[in-house]
Amino acid sequence: FRPIYGVSRHSVLGYMAKAVPDADKTSFGSIEELKNYAIRAKDQRNLYGYLAKVIVSRFASERQLKSQRLVYPILLNECSTIPAIFGNLRGAKEANLVFLLDEDNLMSSVRSMGEDNTIALLKETREAGFNLGLCVKGKTLNSDDALLKNMDMFFVDFGNGDTNAK
């Protein structure tokens, strides 16, 4: 887990979950590679369920304050599985979950699924009682207002290699 520091509050607001495949047990170099393989093998629900169980239970037992959030990075295509997996997962409601979407992945999904279908998927996730966040990279937002209205939080990635960023 990586801490998320609130500058105005001068405290840790929560932690970012970062699943990393065990190099001794798998040939996948990143969790994204593993997720993409699971999707091709049509076994993503089992993978997502396993990751959720391990990450949420560990976070719930290790966090220092009940108010701290668990920020859980996802791909947009995972949104459809969130209610089924996290809705019944012990400790998920108490974990103060925020599902974090990457702006590049979101925009890629808009191009492949269409904006209306993407917005419908985001709304379904929020209506099921889950919070969504968007990780913005660079100086400008590439997403349009209709998409941004479906986000509960925004995160800024300053480590994008943009030497002109201030």
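Thresholds applied
Residues numbered from 1 in each chain as written. Predicted model: local features only at pLDDT ≥ 70, side-chain atom pairs only at ≥ 80, totals over all residues. Heavy atoms only, no water. Helix = DSSP H or I, 4+ residues; strand = E, 2+ residues; numbered from the N terminus. Rg over C-alpha atoms; globule rule 2.2 N^0.38 Å. Buried < 20%, exposed > 50% of the residue type's maximum accessible area, 1.4 Å probe, protein only. Contact = heavy atoms within 4.5 Å. Areas by Shrake-Rupley, 256 points an atom, 1.4 Å probe, with all protein chains shown as cover. Polar contact = N/O pair within 3.5 Å; in protein donor to acceptor, adjacent residues only side chain to side chain. Pairing = 2+ DSSP bridges. Axes fitted to C-alpha atoms, helices over the stretch in contact; angles between N-to-C directions. Parallel < 35°, antiparallel > 145°, perpendicular 65-115°, else oblique. Nonpolar A, V, L, I, M, F, W, Y, C, P; charged D, E, K, R; others polar. Salt bridge = Lys/Arg side-chain N within 4 Å of Asp/Glu carboxyl O. Core = buried A, V, L, I, M, F, W, Y, C linked by side-chain atoms within 4.5 Å.

Moving on, we get to the overall build of the protein chain. Across its full length, the protein chain carries six helices and six strands. When the helices and strands of the protein chain are read in sequence order from the N terminus, they spell out β-β-α-α-β-α-β-α-α-β-α-β. In terms of overall dimensions, the protein chain is globule-like: its C-alpha atoms have a radius of gyration of 16 Å, near the 15 Å expected for 166 residues. Along the longest, intermediate and shortest principal axes, the C-alpha atoms of the protein chain span 40 × 40 × 35 Å. Scored against the burial criterion, the 166 residues of the protein chain give a buried share of 39%. The long-range fraction of contacts in the protein chain, counting pairs at least 24 apart against all pairs at least 6 apart in sequence, stands at 65%. Entry remark: accessible area of the protein chain is about 10,200 Å², with carbon and sulfur atoms responsible for 50%.

Position of T81 among the secondary structure elements: in the loop between β3 (69–74) and α3 (82–86). Among the residues examined, T81 registers a relative accessible area of 8% and is labelled buried. Engagement of the side chain of T81 in a polar contact is seen with the backbone oxygen of E78, the distance being 2.7 Å. In this structure T81 touches R45 and Y48, once residues within four positions along its chain are discounted.

Below, the discussion takes up the pairing of strand β4 (residues 97–102). Regular strands show a simple pattern: their side chains alternate between the two faces of the sheet. Burial analysis of β4 places five of its six residues in the buried class, which makes it a mostly covered element. Here five bridges tie β3 to β4, and the two strands are oriented parallel to one another. Among the inter-strand pairings, P73 is bridged to a residue of β4, identified as L100. In the sheet, β4 pairs with strand β5 (residues 131–137) via five bridges, with the strands oriented parallel. By the bridge assignment for β5, F99 is matched with L132.

Moving on, we get to the packing of helix α4 (residues 103–113) against helix α5 (residues 115–127). Put simply, α4 and α5 touch, their axes get as near as 7 Å, and they point 125° apart. By the criterion of interaxial angle, the relationship of α4 to α5 is oblique. Across the interface between the two elements, L106, S109, V110 and M113 of α4 pack against E115, N117, T118, L121 and L122 of α5. Partitioning the contact of α4 with α5 into residue classes produces five nonpolar, three polar and one charged.

Counted according to the given criterion, the structure contains four salt bridges. Here K35 makes a salt bridge to E78, at a shortest N to O gap of 2.9 Å. Placement of K35 in helix α1 (residues 31–40) and of E78 in the loop between β3 and α3 is noted, with a sequence separation of 43 residues between them. Each of the two residues, K35 as well as E78, counts as buried. Put simply, R126 and D152 hold a salt bridge, and the shortest N to O gap is 2.8 Å. Taken together, the residues span a long stretch of sequence, with R126 in helix α5 and D152 in the loop between α6 (145–148) and β6 (153–157) at a distance of 26 residues.

Here we take up the nonpolar core. Core analysis: the biggest nonpolar cluster contains 40 residues, and Y72, F86, L97, F99 and L122 have the highest contact counts within it. A total of seven residues in this core trace back to one element, the largest contributor, which is helix α2 (residues 44–62). Setting aside its immediate chain neighbours within four residues, F86 contacts A52, V56, Y72, A92, L97, F99 and F130. Core analysis: the second largest hydrophobic core is formed by seven residues, I4, V71, C135 and F155 among them.

Keep in mind these values describe shape, not function.
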